[in-house]
Amino acid sequence: MGVLPVPAEVRAILLDIEGTTTPIAFVQETLFPYIKDNVKEYLRAHWEEEECQRDVGLLRKQAEEDSGLDGAVAIPLESGSGEEELERVIQAVVDNVHWQMSLDRKTTALKQLQGHMWRAAYATGHVKGEIFEDVVPAIRKWREAGMKVYIYSSGSVEAQKLLFGYSTEGDILELFDGHFDTKIGPKVESESYRRIAASIGCATNNILFLTDVPREASAAEEADTHVAVVIRPGNAGLTDDEKSYYSLISSFTELFLPSST
């Protein structure tokens, strides 16, 4: 690792979040435990609200689709109005959320509830999005050089905007030209990167994708997108083959933009 020249045709930089802009520990040790520890309290407090009922409805529909899976937790409809009945349904939702999270599932239903819970946590100051210290100065430099900067994460666009809007660096949403989540496609499928390029209005080889996950890098590369794998504290280790094959950086400051000279 050292200085990595950015190909001259690159016009946009696409960033992963977990393990790239943000420590994996923040997601694993702050965001996810917050959901597990607070989901029951959140449901009790917001149960009558339309948004919460939509979230529960999506989870119930997902639970029906998952009914054949080992350990799946069904979410019953409320058949009465008593406090005991309500607690029974809420507990089923809690158990379903915990089950999905134990399998690291990324269903839309789960992500939507998580996003709404994190929104409340950020707004009240219970959570602040952690950003590596090299990220903001580097992105400012890229933008000054004429680069567009986008986010692509498995977390919902809403969750992304909360993380960067309530970050340890303040509200830094102005640094990004757009956000993508798995609604545009899975990060391990090459077609997703073609769709992102089309949405941005450029060719796939006009994009440099930074991620800590080799499978994502491989999918992007299949779509003729430039890639670099980011090495951060706490990230999963790479094989010797991956280390020798991919361009590696340990800090955004290692990217050298020809247009900035």
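Residues numbered from 1 in each chain as written. Predicted model: local features only at pLDDT ≥ 70, side-chain atom pairs only at ≥ 80, totals over all residues. Heavy atoms only, no water.

Within an unreviewed UniProt entry, the label attached to the protein chain reads ENOPH phosphatase, and the organism entered is Phainopepla nitens.

Student: Just to check I follow, could you spell out unusual backbone geometry for this structure?
Tutor: Of all residues except glycine, most have a negative phi; of all peptide bonds, most are trans. Of note in the backbone geometry, Asp-104 takes a positive phi value of approximately 55 degrees without being a glycine. For Asp-104, the position within the fold is in the loop between α3 (83-102) and α4 (108-123). Look at Asp-104 and you get partly exposed, because its relative accessible area is 45%. Positive phi outside glycine occurs at Asp-224, with the angle close to 70 degrees. (Helix = DSSP H or I, 4+ residues; strand = E, 2+ residues; numbered from the N terminus. Buried < 20%, exposed > 50% of the residue type's maximum accessible area, 1.4 Å probe, protein only.)

Student: Sorry if this is basic, but what is going on with empty space enclosed by the protein here?
Tutor: If you roll a probe as big as a water molecule over the atoms, it shows you where there is empty space left. For the structure shown, the criterion picks out one cavity of 30 Å³ or more. In this structure, the largest cavity spans a volume of roughly 50 Å³. Lining of the largest cavity is provided by Phe-32, Met-101, Asp-104, Arg-105, Lys-106, Leu-110, Lys-111 and Gln-114. With three residues, α4 is the largest single contributor of residues to the lining of the largest cavity. A breakdown of the residues in the lining of the largest cavity according to their chemical character gives three nonpolar, one polar and four charged. (1 Å grid on protein atoms, 1.4 Å probe; cavity = no way out; pocket = protein on both sides within 12 Å on 5 of 7 lines; lining within 4 Å. Points joined across faces, edges and corners; volume = space filled by probe spheres on them. Nonpolar A, V, L, I, M, F, W, Y, C, P; charged D, E, K, R; others polar.)

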